[in-house]
Amino acid sequence: MNFGFTDDQQAIKRTAREFLEARYPIATVRALAEDERGFTDEQWGELVELGWPGVIVPEERDGLGLGAVELVVIAEEMGYALAPSPWFSTTSAALLLVAAGTQAQRERWLAPLARGEVRGTVAVWDESSGPAPDHSEVETAPDGTLSCVKIAVPDAASADFLVVSGADGRHWIVERTADGVSIEPEEAIDPTRKLFRVTLSSAAAEPLEMAPEAVAKAYATIVTLLAAENVGVGQRAMEMAVTYAKDRTQFDRPIGAYQAVSHRCAQMLLEVEGSRSLCYWAGWALAHEPDTGPRAASMAKAYAGDAGFRVAASALQVHGGIGFTYEHDLHFFLKRAHANAHAFGDSRWHRDRVADLAGV
Amino acid sequence: VDLTLSPAEEAFRDELRSWLQDNNPGREPAGDEAAFEFRRAWQRQLNEAGWAGVSWPKEYGGRGATLVEQAIFNEEMVRARTPSVANVLGLAMGGPTVIAHGTEEQRRRYLPGILSAEEIWCQGFSEPGAGSDLASLKTRAVRDGEEWVVTGQKVWTTFAHHAKWCMLVARTDPDAPKHKGLTYFLMDMDQDAVQVRPLRQITGESEFNELFIEGARIPHENIVGGEGEGWAVAITTLMHERATLAFGLQVSVQIALRELIETAHETRGFNGGVATEDPVTRQRLAQLIIESEVLRLNAYRGLSAIMRSGVPGPEGSLGKWHWSEVNQSLAELAMEIAGPRAMLSEDSWSYRFLRSRANSIEGGTTEILKNIVAERVLGLPRMR
């Protein structure tokens, strides 16, 4: 029984922290927030050198062949730095390809993806979707092509292929440059992760295999990544609040000496640490305890989704008026925490899943 | 990260499980006296099999278990729904304090009686005027030759009416700064100068007592940790209270939650269906499932941190605070699921509901725990 990381995992965490701190100072994050694509080729190239696009791609396909715990470690640091990057969308696509790609699809995409030569993304939301990310009405036409609209698709314009979800748990791969694929930027609340509206008009689509359990595990891993990002986002927002509460003086004392402020900060720690425990557990369960994995992942997503936003919102309150300005950096963290809470199913949806899986 | 038990830990658990299967005495009888004697017999049985002082060093009659084994022990005891032991405070707090701060002579004198439940212990810390601000306590001890004469009042002393020894913190130097003038005594409860009066609580029962001390005498040799060192020794006792009890608490929440889900399946909800079909009830049950998982995971993470670095991680200071919130919301949800029966005090949920109100006060109020987190973990400026 040991909740600590292995030496290798520690090393990944240290590397990630140092690399992201050096390469994604908040001024860079701010500049990328204004940029339409949201990352540069050089920045992507640096992640590729670290091997991050292929963390979970098997070694025989040029990946690192690692598991969910290592993904969680990186995602937490990505959240802490708030690094804008197509790493999350590409990793999501890789997870689904590994889970349900046909032999030919894996041959075609996985090794180039791991080498950083191509990127992918996942499109789950129909234009008419409610809160359920697993409910889509998309179906192929008799000729096997797809005509539909998908919204809030991360990094779609810079992806080489899209994994598109449809009715009854079906998925297809659509190439971005294929005929009938049109992609337009959406105005996202979180400017550090670019979202797009994808319109398919009789676009060529290649079905993935039907592998419900493997696909469920892939989605569970995706939501665990978002939860882990929120751990990092919450940690950073909390640190900003604590620093500010020590520095800012009102009524002749630092505001952190007032319990109305300090107890707010203590609450942040409670929620950040709770999120962290759930994420590490979910990462471990996805790798080692398949029966628990999806339940643990939904627990982590529901809790860290709420917590990440609440912590950032509370940090904004600690900052007072300055926290509400665009000039201050805090709002980027608030927006990412909020977007993560809603991506791939909000906290209500994941709680409902927890209830189902726990036999309520 | 590896959340599976090692072969040695599994062996420890299996040994305990099979012992419990043969020896668990089941439910305790009704009535305070009968229940207490039952608990005393149960503790004696545990002690004879070497299970009483699980965390204590072997040389003092304990098992010398690792932290993980202690956690497993506490979990298994709750899971098997064993009765409580008679000498809860002696085992969890008094013994560890004597081991940490006592003389070798004191260890030999007191530890065997704690383990065997022959001598029950209680705790004389809080006073009517000194709750969260414990160091402001006023009970006075004045030296008289080889003895100390104690006068004052203590409150919230659990098991005082059964106790032989009281862990008493009293002021021995009224001129010193408030944290410096305190001394930690072991007071014999068996004297006329100590009067015990039960305190009736909102549940109607009396778990706690008031202690009236009018010139009680304590031999000088009964000081633990030295004159004027009472605050440091008291902190050891309190740390053990929070650390040792945490594991059992999180398991009992999981068990109560499982029972509540069963109850909800059998209770009518809106529109004549069952309660678990109500979307709001489902959401709240799911949230409790998640939060109770957080309690469990934080407890284990805390252990890993202690084993790695010798000190608890930040999550260690969160457990008791978080547990009280989870246990209270569980009881509140139980009352909602109960419907009109929430107005009646006929079942165990009503009792749990009222009893849970003390959770955020006993063993350190939530407000004090938040202060500790803010000041010691986050490094925020002290409010005083």
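This section reports on the structure supplied with the text. Quick caveat: nothing in here was measured; it's all calculated off a predicted structure. (Residues numbered from 1 in each chain as written. Chains lettered and ligands numbered in written order. Predicted model: local features only at pLDDT ≥ 70, side-chain atom pairs only at ≥ 80, totals over all residues. Heavy atoms only, no water.)

Some thoughts on the overall build of chain A
In step 1: When you go through chain A residue by residue, the secondary structure sums to eleven helices and ten strands.
In step 2: Taken over C-alpha atoms, the radius of gyration comes to 20 Å for chain A, in line with the 21 Å a tight globule of 360 residues would show.
In step 3: The dimensions of chain A, computed from C-alpha atoms along their principal axes, are 75 × 45 × 40 Å.
In step 4: Expressed as a percentage of the 360 residues in chain A, the buried residues total 60%.
In step 5: Carbon together with sulfur atoms contributes 50% to the accessible area of chain A, which is approximately 13,800 Å² in total. (Helix = DSSP H or I, 4+ residues; strand = E, 2+ residues; numbered from the N terminus. Rg over C-alpha atoms; globule rule 2.2 N^0.38 Å. Buried < 20%, exposed > 50% of the residue type's maximum accessible area, 1.4 Å probe, protein only. Areas by Shrake-Rupley, 256 points an atom, 1.4 Å probe, with all protein chains shown as cover.)

Quick look at the overall build of chain B
In step 1: Secondary structure assignment for chain B yields ten helices and eight strands.
In step 2: A compact globule built from 384 residues would reach a C-alpha radius of gyration of about 21 Å, and chain B, at 22 Å, matches this within 12%.
In step 3: Overall, the C-alpha framework of chain B stretches about 75 × 50 × 45 Å when taken along its three principal axes.
In step 4: In chain B, which comprises 384 residues, the share counted as buried stands at 51%.
In step 5: Looking at chain B alone, contacts between residues at least 24 apart form 70% of all its contacts between residues at least 6 apart. (Contact = heavy atoms within 4.5 Å.)

Observations regarding the layout of surface pockets
If you roll a probe as big as a water molecule over the atoms, it shows you where there is empty space left.
In step 1: Each pocket or cavity is described by its volume, and for the second largest pocket that value is around 820 Å³.
In step 2: Forming the walls of the second largest pocket are 31 residues, and the residues nearest its centre are R79, Q254, R258, E293 and R296 of chain B.
In step 3: The set of elements that each furnish at least two residues to the lining of the second largest pocket consists of helix 8 (259-288) and helix 9 (293-319) of chain A together with helix 1 (7-23), helix 3 (67-79), helix 6 (230-265) and helix 7 (279-309) of chain B.
In step 4: A class-by-class count of the residues in the lining of the second largest pocket yields 15 nonpolar, six polar and ten charged. (1 Å grid on protein atoms, 1.4 Å probe; cavity = no way out; pocket = protein on both sides within 12 Å on 5 of 7 lines; lining within 4 Å. Points joined across faces, edges and corners; volume = space filled by probe spheres on them. Nonpolar A, V, L, I, M, F, W, Y, C, P; charged D, E, K, R; others polar.)

Some details on the pattern of salt bridges
In step 1: Applying the stated criterion to the full structure yields 47 salt bridges over all chains.
In step 2: Where R115 of chain A meets E117 of chain A, a salt bridge forms, and the shortest distance between an N and an O atom there is 2.8 Å.
In step 3: The shortest N-O distance in the salt bridge between E336 of chain B and R284 of chain B comes to 2.9 Å. With E336 of chain B in helix 8 (residues 319-338) and R284 of chain B in helix 7, this pair connects stretches of sequence that are 52 residues apart.
In step 4: Under the relative-accessibility criterion, E336 of chain B is labelled exposed at 53%.
In step 5: If you follow the salt bridges from partner to partner, you end up with K13, R17, E76, E77, E273 and R276 of chain A together with R301 of chain B in one network. (Salt bridge = Lys/Arg side-chain N within 4 Å of Asp/Glu carboxyl O.)

Here we look at the packing of aromatic side chains
In step 1: Enumeration according to the criterion identifies 17 aromatic pairs over all chains in this entry.
In step 2: Measuring from ring centre to ring centre gives 6.1 Å for W51 of chain B and F73 of chain B, while their planes differ by 15°; the resulting arrangement is stacked. In this pair, W51 of chain B is assigned in the loop between helix 2 (32-48) and helix 3 and F73 of chain B in helix 3, connecting sequence segments 22 residues apart. Each member of the pair, W51 of chain B as well as F73 of chain B, carries the same accessibility label: buried.
In step 3: Joined through ring pairs, the aromatic side chains of F12, W19, W42, W51 and F73 of chain B make up one cluster.
In step 4: Directly above the ring of W44 of chain A sits R119 of chain A, whose terminal nitrogen or CZ lies 5.2 Å from the centroid.
In step 5: Sitting over the ring of W51 of chain B, R63 of chain B keeps its end group 3.6 Å from the ring centre. (Phe/Tyr/Trp six-rings, centres within 6.5 Å; stacked < 30°, edge-to-face > 60°. Lys NZ or Arg CZ within 6 Å of the ring centre and 35° of its normal.)

What to know about the side chain of Q123 of chain B
In step 1: With respect to the helices, strands and loops of the structure, Q123 of chain B is situated in strand 1 (residues 121-124).
In step 2: Residue contacts for Q123 of chain B: discarding those within four places in its chain leaves L89, M93, T157, C166, M167, T237 and L238 of chain B.

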